[in-house]
Structures are given as structure tokens and as C-alpha cells.
Amino acid sequence: MTSEAGSAWTLVMSYALENRRMEQIASKSMQQDTPVNEHSPNWNLYRTSLSQMTHLKSQSTHWRTTCSFPTYKVDYTDYVRAKFTDFDIMTFLGSGICKKVEYVNIRGHQCAQCTTQWWHENSQYAPHIDSNYSNGCQFVPTQGSVSSEDNFGYYAPGYVNKKFRCTAGPLSTTNWWFGGYL
């Protein structure tokens with residue numbers, strides 16, 4: 001599969017919006033071992049095991065999230081990427097905390113080498129940005145957002161924006177990857 005030139009990425013989790021309420025997808029952190037279809041990677045409902053994620057992280061410099069990769073590939077719209085050394089998505093837990101990313105784009109709002117506000121809690125919610133809040137971070141994608149809009153994960157019912165590619169429709173997918181640049 002072709003992704004980004006000069007890089008190598010491994011899919012660690014992917015799910016369609018219609019599957020967002022599954023416990024392993026909605027309320028489990030990256031620190032929790034909740035594989036789904038572990039031996040049959042697919043776009044609609046897949047999460048690898050914690051041991052596999054940990055191994056892949058040890059071989060990776062970056063993580064990224066894409067939206068509906070099978071349709072859009074990587075065009076850097078509705079996309080986020082960070083270095084593990086700046087923002088370790090595997091160990092981070094918190095609510096509304098500013099974390100540094102290399103690049104983020106939500107509905108056309110973008111910034112590079114900036115802080116974004118993240119939520120990620122064990123047995124509460126998967127990692128995500130709520131683009132309706134800014135709370136002092138550098139990235140402020142509030143224009144065009146819906147109330148409590150979730151981006152790149154969690155997707156509470158009633159808080160999705162059809163203008164965001166991961167939540168445009170029930171078959172839209174959120175795709176998490178570990179990898180790096182060659």
C-alpha cells in the first residue's frame with residue numbers, strides 16, 4: 001500500500017464511524033490491551049494488541065492519524081502527525097492537555113510544530129481532539145466546529161461534524177498508524 005513518499009507506516013487501529021461505540025474503540029486508551037480482528041487488518045474494525053503496538057512503537061519515530069485513507073490517501077487534510085519523543089500517544093493520559101504535534105489539519109485549519117488540546121483516559125475515552133475548545137493551545141480550529149466536536153477518535157453521539165472526513169458518514173474511517181521517515 002502506498003502512503004507517504006520516503007516513509008513507512010503500519011496500521012495499528014482503524015474503524016468506521018458506525019463502529020465508534022464499540023468499547024475497544026470508544027473507551028479504551030492506547031495503554032489497554034483490547035485487540036479487535038487482530039489477525040485480519042481491515043479499515044472498518046481493527047485494533048492490534050498492546051504487545052504489537054508496543055513493539056511497533058519501539059521501531060517507530062512517529063505516529064499519525066488519517067481519515068478515510070482508502071478514499072483520500074494522504075493529502076494532509078483531516079490529518080495529525082507527531083513524534084513519539086514530543087507526544088507519546090501510548091503513555092499520555094489526560095483531559096484537555098496541550099501536546100506538541102508536527103502537523104495537524106482539521107477541516108482545513110492547520111498548523112505545524114504547534115500544540116493541540118488532547119483527551120485520552122483509560123476506560124473512558126480513546127485519544128482525540130475536541131476542536132470546539134482551544135483552552136490556550138496554539139491550534140484553534142473552532143471556526144466551523146460543532147458543539148464538543150470530537151476529532152481523530154472517541155466520537156460521542158451528537159458531537160460529530162459531517163465536514164470532518166473521519167465523521168462524514170457511517171462508513172468514514174479513522175486510521176491510526178505508527179512509523180517514520182526513511
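Here the structure is shown first, and the text comes after it.
On a predicted model such as this, the values are computed, not experimentally measured, just so you know.

Turning next to the overall build of the chain. Each helix and strand in the chain was counted, giving 3 helices and 9 strands. Start at the N end of the chain and walk to the C end: the helices and strands fall as β-α-β-α-β-α-β-β-β-β-β-β. The principal-axis extents of the C-alpha atoms in the chain amount to approximately 40 × 35 × 30 Å. A burial count over the chain gives 55% of its 182 residues as buried. Pairs at least 24 residues apart make up 59% of the contacts formed inside the chain by residues separated by at least 6 positions. Taken as a whole, the chain presents about 7900 Å² of accessible surface, with 48% of it coming from carbon and sulfur. Counting 15 positive and 14 negative side-chain charges, the chain places the averaged centre of each group 4 Å from the other.

We now examine the sheet that holds strand β9 (residues 173–181). What links the strands of a sheet is backbone hydrogen bonding, and the strands pair in either a parallel or an antiparallel sense. Strand order in the open sheet formed by 9 strands is β2-β1-β9-β3-β4-β5-β6-β7-β8, with antiparallel pairing between adjacent strands. Single-partner strands in this sheet number two, and they are β2 (45–47) and β8 (150–151). In this structure, strand β1 (residues 7–16) lies alongside β9, joined through 9 bridges in antiparallel fashion. Following the sheet pairing, Met13 is matched in β9 by Trp176.

Among the nonpolar cores identified, the biggest contains 33 residues, and Trp63, Val104, Trp118, Phe152, Trp176 and Phe178 are the most heavily contacted of them. For this core, the secondary-structure elements that each account for two or more residues are β1, α2 (50–58), β3 (62–67), β4 (79–83), β5 (94–106), β6 (109–121) and β9. Tyr46, Val74, Tyr103 and Trp177 belong to the second-largest nonpolar core, a separate cluster that totals 8 residues.

Counted under the stated rule, the structure contains 17 aromatic pairs. Here Tyr125 and Tyr154 contribute two aromatic rings whose centre-to-centre distance is 5.4 Å and whose plane-to-plane angle is 65°, an arrangement assigned as edge-to-face. With Tyr125 in strand β7 (residues 125–130) and Tyr154 in the loop between β8 and β9, this pair connects stretches of sequence that are 29 residues apart. Through a chain of ring-to-ring contacts, the aromatic side chains of Trp63, Phe87, Phe92, Trp118 and Trp176 assemble into a single cluster. When the ring centre of Trp177 is taken as origin, the NZ or CZ atom of Arg64, which lies over that ring, is 4.5 Å away. Sitting over the face of the ring of Tyr72, Arg165 holds its NZ or CZ atom 3.7 Å from the ring centroid.

Reading the values: rules and limits
- Chains are numbered independently. Their residues run from 1 in the order of the written sequence.
- Selection of residues for local features in this predicted model requires a pLDDT of at least 70, selection of side-chain atom pairs for listing and counting requires 80 or more, and totals for whole chains, interfaces and linings are taken over all residues.
- Water and hydrogen atoms were dropped before computing side-chain values, which therefore reflect all heavy atoms in the structure.
- By the criteria applied, helices consist of DSSP H or I runs no shorter than four residues and strands consist of E runs no shorter than two, each listed in order from the N terminus.
- For every residue, the accessible area obtained with a 1.4 Å probe (protein chains only) is divided by the maximum for its type, and the residue is called buried under 20%, exposed over 50%, and partly exposed between those limits.
- The contact definition used throughout considers only heavy atoms, calling two residues in contact when any of these lie within 4.5 Å.
- Per-residue and other accessible areas were derived by the Shrake-Rupley procedure at a 1.4 Å probe size, with only the shown protein chains allowed to occlude residues.
- In this tally, Lys and Arg are treated as positive and Asp and Glu as negative; His is ignored, and so are the chain termini.
- Every charge is mapped to an atom, namely NZ of Lys, CZ of Arg, CG of Asp or CD of Glu.
- Should DSSP find at least two bridges between two strands, the strands are regarded as paired.
- Here, the term nonpolar core denotes a set of buried Ala, Val, Leu, Ile, Met, Phe, Trp, Tyr and Cys residues that are joined through side-chain atoms within 4.5 Å.
- Each aromatic pair joins two rings of Phe, Tyr and Trp (for Trp, the six-membered one) with centres within 6.5 Å, and gets the label stacked for planes under 30 degrees apart, edge-to-face for over 60, and tilted for any other angle.
- Geometrically, a charge over a ring is one whose NZ (Lys) or CZ (Arg) sits within 6 Å of the ring centre while staying within 35 degrees of the ring normal.

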